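Listed here are the chains, written in short residue letters.
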Amino acid sequence: MDKKKILVVGAGGFAGGFLVGEGLRRGYEVWAGVRATTSRKYLSDPRIRFVELDFDDYGSLRQTVAGALPEGEKWDWIIYNLGATKCLSFSDFSKINYEYLRRFTDALAATGKEPEKLLYMSSLSAVGPGDEKGYTPFTERMIPHPNTRYGASKLKAEMHLAMCGIPYVIFRATGIYGPRDRDYFLMFDAIRKGVDFSVGYKKQLLSFIYVEDLACAAYDALEKSATGETYNIAEPRTYTQKEFRDIVSKAIGKKFVVGIAMPLWGVKIVSAIAEKWGVARMKPSTLNRDKFNIMKQRNWAVDITKARDGFGFSPRTDLKEGVMRAVEWYKKEGWL
């Protein structure tokens, strides 16, 4: 039997390299969909096949999709991992997270390259705030009402998939962490320096998914899940900010860390200033008004029953083990 042909779009991103690696580990033929300027530092396996995609030029994109494989062949599965979590302009969220996907699916349809299944990496932010009082876990039955431009752009992309005719599976992932990640690294580094900042005074429940567990889940879903399904993806338990701080500080070997809870109004002001400073430097700021709405959310608890029943989802790495692996990598690479 011929090997499945897999295309990972957005292979140069943090999770992208792990998605490519998991496909190779399972014996598939894997293409890494990247931009011409994308770093290939973590895409060095000689078995990887590359295809350069220009999402700003639909004609070029269509031509590339049409000619990337011999005539009559197409990718069996596509993992669409391309997306932006921070942008200089809020309008860029819609452009990158929705418009690029629309152009890509249009190119697939126009060239007859529609896959058997496309897995779209969305986000729990597409749902918006959940139960902020009783802390009821998120389920796939909840009606989305995103309160961030990032979340709205992800939901818009989900809605497009539901209408474009390509068989799909959607992952709404919670906080993804692990080796190579830069966003959570900033928190790790602050804890290494002896300080841990949190937002607000009300209890907050956090959820996480280790990047390798996410990659495994993606292929399990491609292999076993029915199409047209949306799944919440997270470790099955939640953590408080203190539990997160204790786990990270122990992994780093930092005995004394000061936890500083900042008032919401203060973080809101700082977020607005950081956003304007980022625009002035023409560099997206990690802290901005959109990110503030995510940080102030108190409940990130997730019910993963549907994913467990749908394709046997069972994360193998808890936060303690995942943080330890990430810290070991950061130290080896000289980040910490």
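One can find the structure itself at the top, above this paragraph.
Nothing here was measured: the structure is a model prediction, and the numbers come from that model.

1. Quick look at the packing of aromatic side chains
Here's step 1: Using the criterion set out here, one finds 28 aromatic pairs in the structure.
Here's step 2: Taken together, a centroid distance of 6.0 Å and an interplanar angle of 40° make the contact between F311 and F313 tilted.
Here's step 3: Accessibility expressed as a relative area gives 2% for F311, which makes it buried.
Here's step 4: Linked through ring pairs, Y42, Y177, Y184, F185, F188, F208, Y210, Y239, F244, W329, Y330 and W335 together constitute an aromatic cluster.
Here's step 5: Cation over ring: K203 sits above Y135, and NZ or CZ is 4.4 Å from the ring centre.
Here's step 6: Above the ring of Y231, the side-chain terminus of K306 is found at 5.4 Å from the ring centroid.

2. As for the environment of M121
Here's step 1: Relative to the assigned elements, M121 resides in strand β5 (residues 117–123).
Here's step 2: The exposure class of M121 is buried, given its relative accessible area of 5%.
Here's step 3: Sequence-wise, M121 and S39 are 82 residues apart; in three dimensions their C-alpha atoms are separated by 21 Å.
Here's step 4: For M121, the contacting residues outside a window of four places in its chain are L19, Y80, N81, K154, F171, L214 and A218.

3. Considering helix α7 (residues 241–252)
Owing to its 3.6 residues per turn, the α-helix aligns residues three or four sequence positions apart on the same side.
Here's step 1: Helix length check: α7, at twelve residues, gives a terminal C-alpha distance of 16 Å against a target of 16 Å (1.5 Å per residue), a fit within 8%.
Here's step 2: Buried residues of α7: Q241, F244, R245, I247, V248, S249, A251 and I252, and no others.
Here's step 3: Residues of α7 that are buried sit in contact with α5 (183–192), β8 (195–199), β9 (208–210), β11 (258–262) and α11 (319–332).
Here's step 4: Immediately beyond the C-terminal end of α7, within one or two residues, lies G253, with a positive phi of roughly 90°.

4. Let's talk about a nonpolar patch on the surface
Here's step 1: A cluster of nonpolar side chains, F197, F256, V258 and I260, forms an exposed patch at the surface whose accessible area comes to about 390 Å².
Here's step 2: Among the residues examined, F197 registers a relative accessible area of 47% and is labelled partly exposed.

5. Notes on the environment of I79
Here's step 1: With respect to the element layout, I79 can be found in strand β4 (residues 77–80).
Here's step 2: With 71 residues separating them in the primary sequence, I79 and V8 have C-alpha atoms 4.8 Å apart.
Here's step 3: Contacts of I79, omitting those with residues within four sequence positions, involve L7, V8, V9, L19, L119, A218, Y219 and L222.

6. Section: the packing of α5 against α7
Here's step 1: Closest axis-to-axis distance for the α5/α7 pair is 10 Å, and the angle between their directions is 70°. Accordingly, the angle class assigned to the pair α5 and α7 is roughly perpendicular. Packed against α5, whose contacting residues are Y184, M187, F188, I191 and R192, the element α7 presents F244, R245, V248, S249 and I252 at the interface.
Here's step 2: Residues of the contact of α5 with α7, tallied by class, amount to seven nonpolar, one polar and two charged.

7. Looking at the pattern of salt bridges
Between side chains of opposite charge, pairing is possible as soon as their charged atoms come close.
Here's step 1: Under the counting rule described, the total for this entry stands at 22 salt bridges.
Here's step 2: A salt bridge links E116 to K4; the nearest nitrogen and oxygen atoms lie 2.9 Å apart. Here the residue E116 occupies a position in the loop between α3 (91–111) and β5, and K4 occupies one in the segment before β1 (5–9), the gap between them amounting to 112 residues.
Here's step 3: The class for E116 is partly exposed, based on a relative accessible area of 42%.
Here's step 4: Relative accessible area serves as the criterion here: at 24%, K4 is assigned to the partly exposed category.
Here's step 5: The salt bridge partner of D189 is R192, with a shortest N-O separation of 2.8 Å. Remark: R192 and D189 occur in helix α5; sequence separation between them is three residues, near one turn of the helix.

8. What about the sheet that holds strand β10 (residues 229–233)?
Here's step 1: Taken in spatial order, the seven strands line up as β3-β2-β1-β4-β5-β6-β10 in an open sheet, and their pairing is parallel. Because the sheet does not close on itself, it has two edges, and the strands there are β3 (49–52) and β10. The average undirected angle you get between the axes of adjacent strands in this sheet is 20°.
Here's step 2: Two elements, strand β2 (residues 29–34) and β3, share four bridges in a ladder whose sense is parallel. Bridge pairing in β3 links V34 to E52.
Here's step 3: Across the face of the sheet, helix α4 (residues 149–164) comes into contact with β5 and β6 (168–173) while running at roughly 160° to β5.

9. Regarding the nonpolar core
Here's step 1: With 96 residues, the main nonpolar core has Y80, F104, F171, F188 and I233 as its most contacted residues.
Here's step 2: Take this core: its biggest share by element is eight residues, from helix α6 (residues 211–224).

Definitions and limits used
- Residues numbered from 1 in each chain as written.
- Predicted model: local features only at pLDDT ≥ 70, side-chain atom pairs only at ≥ 80, totals over all residues.
- Heavy atoms only, no water.
- Phe/Tyr/Trp six-rings, centres within 6.5 Å; stacked < 30°, edge-to-face > 60°.
- Buried < 20%, exposed > 50% of the residue type's maximum accessible area, 1.4 Å probe, protein only.
- Lys NZ or Arg CZ within 6 Å of the ring centre and 35° of its normal.
- Helix = DSSP H or I, 4+ residues; strand = E, 2+ residues; numbered from the N terminus.
- Contact = heavy atoms within 4.5 Å.
- Expected span 1.5 Å × (residues − 1).
- Patch = residues over 30% accessible without salt bridge, like charges linked within 9 Å, V, L, I, M, F, W, Y side chains within 5 Å.
- Areas by Shrake-Rupley, 256 points an atom, 1.4 Å probe, with all protein chains shown as cover.
- Salt bridge = Lys/Arg side-chain N within 4 Å of Asp/Glu carboxyl O.
- Axes fitted to C-alpha atoms, helices over the stretch in contact; angles between N-to-C directions.
- Parallel < 35°, antiparallel > 145°, perpendicular 65-115°, else oblique.
- Nonpolar A, V, L, I, M, F, W, Y, C, P; charged D, E, K, R; others polar.
- Pairing = 2+ DSSP bridges.
- Core = buried A, V, L, I, M, F, W, Y, C linked by side-chain atoms within 4.5 Å.

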